[in-house]
Amino acid sequence: MTKYVISSSILSADFTQLGKQIAEAEAAGVDWLHVDVMDGHFVPNITMGPFIVEWCRKASKLPLDVHLMIEKPERYLEAFAKAGASGLTVHVETCPDMHNTLKQIKALGVKAGVVLNPPTPVGVVEPYLVEADLVLVMSVNPGYSGQKFMPEAIDKVAQIRKKLDALGSSAWLEVDGGIDATTLPKMKEAGATAYVAATAIFKNPKGIKEGVRALRSLL
Ligand code: DX5
Ligand code: ZN
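Residues numbered from 1 in each chain as written. Chains lettered and ligands numbered in written order. Predicted model: local features only at pLDDT ≥ 70, side-chain atom pairs only at ≥ 80, totals over all residues. Heavy atoms only, no water.

**Q** I'd love a proper account of the packing of helix 1 (residues 18–28) against helix 8 (residues 208–216), names of residues and values included.
**A** Where helix 1 meets helix 8, the closest approach of the two axes is 9 Å, and the angle between their N-to-C directions is 35°. Seen along the crossing, helix 1 lies across helix 8 with a hand that is right-handed. For the pair formed by helix 1 and helix 8, the contact residues are Gln21, Glu24, Ala25 and Ala28 on the first element and Ile208, Lys209 and Val212 on the second. Among the residues forming the contact of helix 1 with helix 8, the class breakdown is four nonpolar, one polar and two charged. (Axes fitted to C-alpha atoms, helices over the stretch in contact; angles between N-to-C directions. Helix = DSSP H or I, 4+ residues; strand = E, 2+ residues; numbered from the N terminus. Left-handed = near helix turned anticlockwise from the far one by under 90°. Contact = heavy atoms within 4.5 Å. Nonpolar A, V, L, I, M, F, W, Y, C, P; charged D, E, K, R; others polar.)

What follows is the structure, given as structure tokens:
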């Protein structure tokens with residue numbers, strides 16, 4: 001049976017109550033915490049660094065799924081690993097020597113992920129599928145939570161699913177951006193196994209618990 005995971009992105013959490021909200025998400029049954037790191041260069045927004053990862057590590061035992069939307073991520077891999085990241089996911093658009101970057105991540109004892117933006121074709125990520133522990137398909141242009149799901153991502157997930165299966169890879173196939181009760185089933189059908197959600201969990205009008213339950217019930 002396929003195992004599916006929900007990775008709750010703290011980007012939409014209330015940071016005046018971060019520990020409490022993380023505990024609530026954990027109690028509601030999320031599998032991972034997703035930390036969106038943005039540098040104001042690779043994406044227009046600036047968000048969190050290793051310092052926040054460190055506090056998340058103290059606040060929860062859940063795996064920390066760290067998404068690096070930064071230029072030259074190689075400079076910070078060690079800092080994020082030391083801060084407690086369980087997985088580091090780097091963008092194919094900003095890693096000129098991806099084989100080496102993935103190797104570097106693994107050498108730090110954390111899971112290595114590779115991610116592609118909506119305009120980036122599947123072929124660009126193909127050479128790295130065999131060594132990646134996780135492949136992340138963006139279904140919004142990265143930078144902000146609360147954006148509209150881009151349906152073009154569905155076919156990309158299906159294409160990558162086929163390639164991972166052909167390789168006999170057990171890598172997670174993760175999706176990120178606009179994932180909610182309507183879009184999740186489409187990504188599941190295409191073959192995704194890990195679902196990032198910020199708004200659908202932390203900004204759910206019925207609360208975090210109900211947000212998680214609504215997504216979980218579809219898996
Ligand atoms: C976008 C981030 C996402 C974001 C998702 O750049 O990578 O992880 O938090 O937010 P929602 O689930 O609201 O689309
Ligand atoms: Zn993300």
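**Q** Summarise the coordination of the zinc ion (ligand 2); cite the residues concerned and give the values.
**A** Surrounding the zinc ion (ligand 2) are the protein donor atoms His34 (NE2), Asp36 (OD), His67 (ND1) and Asp176 (OD), at 2.1 to 2.3 Å. If you look at the zinc ion (ligand 2), its six donor atoms make angles of 71 to 168° with each other, and the shape they trace is octahedral. Ordering the donors of the zinc ion (ligand 2) by residue number gives the pattern H-x1-D-x30-H-x108-D. Taken together, the residues His34 in strand 2 (residues 32–38) and Asp176 in strand 7 (residues 172–176) connect sequence positions 142 residues apart. With respect to class, His34 is no different from Asp176; both count as buried. (Donors = N, O, S within 2.8 Å, 3.2 Å for Na, K, Ca; no water. Tetrahedral: all angles 85-135°; square planar, octahedral: opposite > 155°, others 65-115°. Buried < 20%, exposed > 50% of the residue type's maximum accessible area, 1.4 Å probe, protein only.)

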